[in-house]
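A look at the structure
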Amino acid sequence: MNVKEEVITLQVPASAEYIDLVRLTLYGLAVKMGFSYEEIEDMKVAVSEACNNAVLYAYGDLSAGEAAQAPMPAPRIEVRLVKRDDALSIVVKDDGRSFDAAAAARRAQPVNGKSIDELQAGGLGLYLMQALMDDVEVNSNMGTEVVLTKRLVKSGEL
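So, how was this worked out
- Residues numbered from 1 in each chain as written.
- Predicted model: local features only at pLDDT ≥ 70, side-chain atom pairs only at ≥ 80, totals over all residues.
- Heavy atoms only, no water.
- Helix = DSSP H or I, 4+ residues; strand = E, 2+ residues; numbered from the N terminus.
- Buried < 20%, exposed > 50% of the residue type's maximum accessible area, 1.4 Å probe, protein only.
- Contact = heavy atoms within 4.5 Å.
- Pairing = 2+ DSSP bridges.
- Axes fitted to C-alpha atoms, helices over the stretch in contact; angles between N-to-C directions.
- Salt bridge = Lys/Arg side-chain N within 4 Å of Asp/Glu carboxyl O.

This next bit is on the environment of Y18. Secondary-structure assignment places Y18 in the loop between strand 1 (5-13) and helix 1 (19-33). The exposure class of Y18 is partly exposed, given its relative accessible area of 30%. A C-alpha to C-alpha distance of 9.4 Å links Y18 and C51, two positions 33 residues apart in sequence. Sequence-distant contacts of Y18, that is, excluding residues within four places in its chain, are made with V12 and P13.

Strand order in the open sheet made by the five strands is 1-2-3-5-4, with antiparallel pairing throughout. Single-partner strands in this sheet number two, and they are strand 1 and strand 4 (135-140). Strand-to-strand twist across the sheet, computed as the mean angle between neighbouring axes with direction ignored, equals 15°. In this structure, strand 3 (residues 87-94) lies alongside strand 5 (residues 144-151), joined through eight bridges in antiparallel fashion. Along strand 5, the bridge assignment pairs I90 with L148. The strands that helix 5 (residues 125-132) touches are strand 4 and strand 5; relative to strand 4, the one it contacts most, it runs at about 140°.

On to the pattern of salt bridges, then. If you walk through the whole model with that rule in mind, you get seven salt bridges. One salt bridge in this structure joins K83 and E6, with 3.6 Å as the shortest N-O distance. Of this pair, K83 sits in strand 2 (residues 76-84) while E6 sits in strand 1, and the two are 77 residues apart along the sequence. E78 serves as the salt-bridge partner of R80, at 2.8 Å between the closest nitrogen and oxygen. You can call R80 partly exposed: its relative accessible area is 24%. Looking at E78, the relative accessible area reads 22%, which means it is partly exposed.

In structure tokens, the structure reads:
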């Protein structure tokens, strides 16, 4: 089966102020593909989480020693929107510190019986992405790549 695939690639600075550009591009493509308003909102939240993770964790806390080492280009996030006939995949890639999703999942603890004051902020982004998207992959090799996929269900296919 030959699946037609089109790819739109964005490179934005690894800064929170540019995440809106990613969301707007995603919105435009998702509307053209026929996704519902709710599906588009879910994808926008998921891609925001993936981009925020890159901004906060991949590049956010470079020490002065690390920053002073070999000159590096300005931190960037690459976002690829991969359009297929039956799905849209959003690939968010950074070249910062790698994130080991499997290790983070092993360290995760249930929140049953904990008061709100006992909960630790952060770390829910991956779970949120998994709840909002049909498929989520995290690849950690020289940076982190998050692949978010939402299948397109056309009316009458339910």
